[in-house]
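# Geometric and topological summary
Below are the chains, spelled out letter by letter.
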Amino acid sequence: MTGTNGERVGRRRFLGYVLAAPTLVTAAEFGLAPVAASAPAPASGAQLPSPDITDVIDLNDMMTLAALPTSGLISVEVNQDGTVSFALPRAEVGQGITTSTAMLIAEELSVPLDRVRVTLADARLELVFNQLTGGSNTTFATYTPIRVAAAIARRRLLDAAATELGSAVTDLTLDTGVITDRSGRSVDIGALAEKAASTRNQQVPVELTARANFTVIGKPHNRIDALAAVTGRKKFAMDLDVPDAKPTMVCRAPTINGTVRSVANLGEVRAMPGVTDVVVISTGVAVRAETFGQCVDGVRALRVTWKPGTAEGKSDDIVLRELERAELPLGLPSPMPTVEAKFTFFFRGNSALEPNCAVADVRADRAEIWSSLKSPIVAKQTLAAKLGLPPSRVTVHVVEGGGSFGRKLFFDAALEAAEVSQKVGRPVKLMWHRADDSRQGRTHPMATSRVRASYLGDTVLGYHQRHTSVATDLGHGLGEIITATAAQLPVGDIGFSETFFQLSQTMSYNFGISTRLLSETDKGFNTGSMRNVYSPDVTCARELIVDQLAARMGKNPYRFRRDFLRDERSRAVLDKVAEVGQWGRAMPAGTAQGIAFHAEYKAVSAALIEIDCRPETVNRPIRDGVTGPRVTKVVFAVDVGLAVNPRGLEAQMMGCISDGIALALTSSLHLRDGYFLEASWDNYFYTRQWNTPPDLQIIVMPSTSENPGGAGELGVAASMAAVACAYGRATGTMPTSFPINHGTLSFTPKPTVPPIPPSPTDGLEHAR
Amino acid sequence: MPEHTFRVNGEQVTVDVADDVRLLWVLRDILGITGPKYGCGINVCKACTSHLNSTAVNPCAIPVSDLEPTDEVTTIEGLPATVGQELHPMQQAWLDHDVAQCGYCQPGQIMAAVALVRRIAAEGRAITDADLDGLRNICRCGTYFRIREAIKAGARNM
Ligand code: FES
Ligand code: FES
């Protein structure tokens, strides 16, 4: 059977449920997955194909597969005031998924976007693998089930309206939340919320709207939480008013993961103004007080003797040698001409602007936790075990987060808050000082990437990459998913880091025989999967080598990539940035363009960057900031298959570009004697206004698929790589160490004892 | 404990707290005004930016005892009232440009932007790229480009 747009209608038919409830509640199984995107078109032209495991299965497929055996339902509820509620089992941390989710519901239910209320679901154990926000998987995994539930609600409402108005369903239209019959009589869906409800659970089939008929999906929409954000009404964990949950901070060791040996002045600090409790916990000494300011004073006053940490005595150089020892061989040198290089990527912080924080109210027989959590089920299980409570007695609320970048996959602050609350017997509002967040918080691990490519004439014969990294901690649920599914994957018996690595990386070029391997070492650091995980470093190394290959073959970087990319969709984004960014235009000495490509999450992306490396730009003065080369222009093209909200997608790419610039040029952590020197934002040089490209164009390509790919992290890799390539072309030297300014320490490190800096008193002098 | 009296968002308030507690914590922990955010506590991230008598300040660096009874503190919550509207033109520009991602930095960004535009207007000139480069507020979600666009638009309506 063929629909109007040539698509089989059968592919749009799904089963969902009407649930027994006082008002209309419809549901669908989470495992309902869209039909997997088809494999890329076969290699074209004379280049040697590189068969790739991600042609068969990628990380997104695996996460969606992991969901199949579970039967957790997600449900849409129609309320009597005409609003529609949905509790999203994911974490909103800035990526805009509450907005895109509301759009899916608005589309299938024909209600205005502002009538859809999306909240974040508490931890739901029965969802098993299905409540993890990561791998840019949210939209991909929820796209179908949310629409199915909404479409069933629409049908039920139309049926109820038919009875109410005495009309045939076929004579009714549902538009902006109002159902109207031919004679013009109408009823709001709110008035039907009870009548459309069911007294028993029943399974019903439903057909989804065809893509050609979408009126909401695929159109740009502003965020539904924007008003709350700009008025200060948006509530983050530390803004919650939980009775008696008083400010709490922790005095931490001067070195990474050091622990308390003894405290000399507990009594003295307990007597300080505002302080209510001081207790030793597994990670330091917690101070609870009337205000966070008094916590800062208490933490600074503590005199603690510490046991060594897990990276004692280590510095950048030592870790680099560890990495060298862990490197896997690249194999015998090729008899053909080769390009080969080794790249170094230093530690980077993945702090969000909202520091690690959580509210905890732990009683003898129950506990309640509030925090921004991307893996709330694992958090709940871990918290229950730590507190000695059954999981059913632990309630975990997922609060909207002030950024994540991988940080909120972990629940370090929730564990601490629970521990402190249990010890003091009262609720706490626990927050890490920025210095804690920077020095003891999770990092993107230091890594090296060795690449060798061999070629002959105009053909690339082989491409081999050996990525060696300080171990990335994936023990937050994604690990469990991989462990549970790895056995079914065609990757053999490898650990889950390697599985993750293999599934998240793709060889996008026809480079003949291609291999990539990950080797990890040293578990002594607090690491995590920072936005886009391995891809920025791996892609940056690859794209720099691609530029070298192009030079050897006498082709320009754009032309070379075009000739070797494996499919039309990839070439289309590359062509787009070259055209809009006027690839090859004449530029002054010391400035240059760079171009790069990256594919992941069933999406493709390309970036064209212009950089200014002239001394007058590099050395422009900024107080307490790193200036360096300026990215003056970015053109970025992205094809995610189907972009649910193009404006949101543009926003994500903009953020990814800011990240890519920082990773290439300015942001890193310096490890010295077992601790990171960086203690705040005046030490850690994330992109600032003075590093922001004044000219930025993001192009969302027309939809090339029925299904949305991932978007939240996609843009980091191509951005970082294009900045690196542009820098290499502007300076005439390929950069091999990132960020490029890591060798220069641009600040005076703050002391480690006390572990947090004093609160300044000169604020009035800086009024502007 | 000492009492401190000053004005917040148009209302006189008196708080009973030690002299050296910074204004940020008086606002957030005692008065429950949570628009100003903590991002560093040492006046470098600018997430807490608010206004004191119409200029931008960072309450994480102001001991509450520095305030006089006539001092007017304006946080993001009180910004619309300064123009007698539901939303300040800068907030509207932020909505029009869909600036916010996680939103954590945005109250501080908007307060800094309003003060910047006022300062430039007082100098009798138009806002430049260099002025925008001088803004120090961190946005870890990387919304800088839309912030620049929104400030230019907001300035036109201020
Ligand atoms: S918290 Fe005040 S400037 Fe960072
Ligand atoms: S919007 Fe998230 S820090 Fe700025």
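All values derive from a computational prediction rather than experimental measurement. (Residues numbered from 1 in each chain as written. Chains lettered and ligands numbered in written order. Predicted model: local features only at pLDDT ≥ 70, side-chain atom pairs only at ≥ 80, totals over all residues. Heavy atoms only, no water.)

## Looking at the overall build of chain A
Selection rule: A run of DSSP states H or I qualifies as a helix once it reaches four residues; a run of E qualifies as a strand once it reaches two. Both are numbered from the N-terminal end. Under the scheme applied here, a residue whose accessible area is under 20% of the maximum for its type counts as buried, over 50% as exposed, and between as partly exposed, the area being computed with a 1.4 Å probe on protein chains only. Throughout, a contact is declared for two residues whenever any of their heavy atoms are within 4.5 Å. Only the protein chains shown count as covering a residue, and every accessible area follows the Shrake-Rupley method with a 1.4 Å probe.
Per the secondary structure count, chain A includes 20 helices and 31 strands. When the 768 residues of chain A are sorted by exposure, 65% land in the buried category. Partitioning the intrachain contacts of chain A with sequence separation of at least 6 by distance along the chain shows that 80% fall at a separation of at least 24. Accessible area for chain A stands at about 26200 Å²; split by element, carbon and sulfur atoms hold 52% of it.

## Some details on the interface of chain B and chain A
The criterion, for reference: When two components associate, each loses some accessible surface as probed by a 1.4 Å sphere; the sum of these losses over both components is called the buried area. Any Lys or Arg side-chain nitrogen located within 4 Å of an Asp or Glu carboxyl oxygen qualifies as a salt bridge. N or O atoms closer than or at 3.5 Å make up a polar contact, with two conditions inside protein: a donor-capable atom paired with an acceptor-capable one, and, for residues adjacent in sequence, both atoms drawn from side chains.
Facing the 64 residues of chain B at the interface are 76 residues of chain A. In this assembly, chain B packs against chain A so that about 5800 Å² is buried in total across both faces, 58% of it on carbon and sulfur atoms. The three residues of chain B that bury the most area against chain A are Gln101(B), Arg136(B) and Arg140(B), which together make up 15% of that side's buried surface. Seen at the junction of chain B and chain A, the total is five salt bridges. Between Asp239(A) and Arg28(B) there is a salt bridge whose closest N-O contact spans 2.7 Å. Inspection of the chain B/chain A interface yields 32 residue pairs in polar contact (both at pLDDT 80 or more).

## Things to note about the packing of helix 15 (residues 535-552) of chain A against helix 20 (residues 715-731) of chain A
All names here are of chain A. So the rule is basically this: Between the N-to-C directions of two axes lies an angle of 0 to 180 degrees, each axis being a line fitted to C-alpha atoms and, for a helix, fitted only over the stretch in contact. Put simply, a crossing is left-handed when the front helix is turned counterclockwise from the back one by less than a right angle, and right-handed when it is turned clockwise. Note that Gly is not counted as nonpolar here; it falls among the polar residues with everything else outside the nonpolar set of Ala, Val, Leu, Ile, Met, Phe, Trp, Tyr, Cys and Pro and the charged set of Asp, Glu, Lys and Arg.
Two elements in contact, helix 15 and helix 20, have axes separated by 8 Å at closest approach and are oriented at 40°. In this structure, the crossing between helix 15 and helix 20 has a hand that is right-handed. Facing helix 15, whose interface residues are Ser535, Pro536, Asp537, Thr539, Cys540, Glu543, Leu544 and Asp547, helix 20 presents Val716, Ala717, Met720, Ala721, Ala724, Cys725 and Arg729. Grouping the amino acids of the contact of helix 15 with helix 20 by side-chain chemistry returns nine nonpolar, two polar and four charged.

## Section: helix 9 (residues 316-326) of chain A
A turn of α-helix holds 3.6 residues, and therefore any two residues three or four places apart point the same way. All names here are of chain A. For clarity, the threshold we go by: The arc under discussion is defined with respect to the helix axis, by the directions toward the C-beta atoms.
Here helix 9 has its buried residues at Asp316, Val319, Glu322, Leu323 and Ala326. One side of helix 9 carries all its buried residues, which in axial view fall inside an arc of 120°. Residues of helix 9 that are exposed and point over 90 degrees away from its buried face: Asp317, Glu324 and Arg325. In this fold, the buried residues of helix 9 make contact with strand 22 (447-456), strand 23 (459-470), strand 24 (513-521) and strand 28 (671-672).

## Quick notes on the sheet that holds strand 4 (residues 84-88) of chain A
Residue and element names in this part refer to chain A. Inclusion rule: When DSSP finds two or more bridges between two strands, those strands count as paired.
With mixed pairing, the six strands of this open sheet are ordered in space as 5-4-3-2-1-9. In this open sheet, the two edge strands, each paired with only one partner strand, are strand 5 (116-120) and strand 9 (202-207). Direction aside, the axes of adjacent strands within the sheet are offset by 30° on average. Relative to strand 2 (residues 25-29), strand 1 (residues 13-19) runs antiparallel, the two sharing three bridges. Counterpart to Val18 in the pairing with strand 2 is Thr26. Helix 3 (residues 97-109) contacts strand 3 (73-78), strand 4 and strand 5 of the sheet and is inclined by roughly 140° relative to strand 5. On the sheet, helix 4 (residues 138-165) packs against strand 1, strand 2, strand 3, strand 4 and strand 9 and is oriented at approximately 150° with respect to strand 2.

## Here's the deal with the side chain of Gln106(B)
By the secondary structure assignment, Gln106(B) is in helix 3 (residues 106-122). Classification of Gln106(B) as buried rests on a relative accessible area of 1%. In this structure, Gln106(B) is in contact with Ala229(A), Trp94(B), Val99(B), Ala100(B), Gln101(B), Cys139(B), Thr143(B) and Ile147(B), ignoring residues within four places of it in sequence.

## Looking at the packing of aromatic side chains
For clarity, the threshold we go by: Working definition: rings of Phe, Tyr and Trp (its six-membered ring) pair if their centres are within 6.5 Å, and the pair is stacked with planes under 30 degrees apart, edge-to-face with planes over 60 apart, and tilted otherwise. To sit over a ring, a charge needs its Lys NZ or Arg CZ within 6 Å of the ring centre and within 35 degrees of the ring normal.
Considering all chains together, one arrives at 14 aromatic pairs over all chains under this definition. A ring pair is formed by Trp25(B) and Tyr38(B), whose centres lie 5.7 Å apart and whose planes are at 35°; its orientation type is tilted. Here the residue Trp25(B) occupies a position in helix 1 (residues 23-30), and Tyr38(B) occupies one in the loop between helix 1 and strand 3 (50-52), the gap between them amounting to 13 residues. Both residues of the pair, Trp25(B) and Tyr38(B), count as buried. Above the ring of Phe405(A), the side-chain terminus of Arg140(B) is found at 4.2 Å from the ring centroid. Its end group placed over the ring of Tyr686(A), Arg140(B) keeps NZ or CZ at 4.4 Å from the ring centre.

## Digging into the domain arrangement of chain B
Residues and elements named next belong to chain B. Definition in use: The domain boundaries here were taken from an automatic or database domain assignment.
Each domain of chain B was delimited in the assignment, giving domain 1 (3-75) and domain 2 (81-156). Taken over C-alpha atoms, the centre of domain 1 sits 21 Å from the centre of domain 2. With 14 residues of domain 1 at the contact, the number on the domain 2 side is twelve residues. Seen at the junction of domain 1 and domain 2, the total is zero salt bridges. Taken together, domain 1 and domain 2 are joined by five residue pairs in polar contact (both at pLDDT 80 or more). Broken down by class, the residue content of the side of domain 1 that touches domain 2 amounts to five nonpolar, seven polar and two charged.

## Quick look at the sheet that holds strand 24 of chain A
Residue and element names in this part refer to chain A. The five strands lie next to each other as 24-23-22-15-31, forming an open sheet whose pairing is mixed. Lying at the two open borders of the sheet, with one neighbouring strand each, are strand 24 and strand 31 (737-738). In this structure, strand 15 (residues 338-345) lies alongside strand 31, joined through two bridges in parallel fashion. Bridge pairing in strand 31 places Thr344 opposite Ser737. On top of the sheet, helix 15 reaches strand 15, strand 22, strand 23 and strand 31; it is set at about 150° to strand 15, its chief contact.

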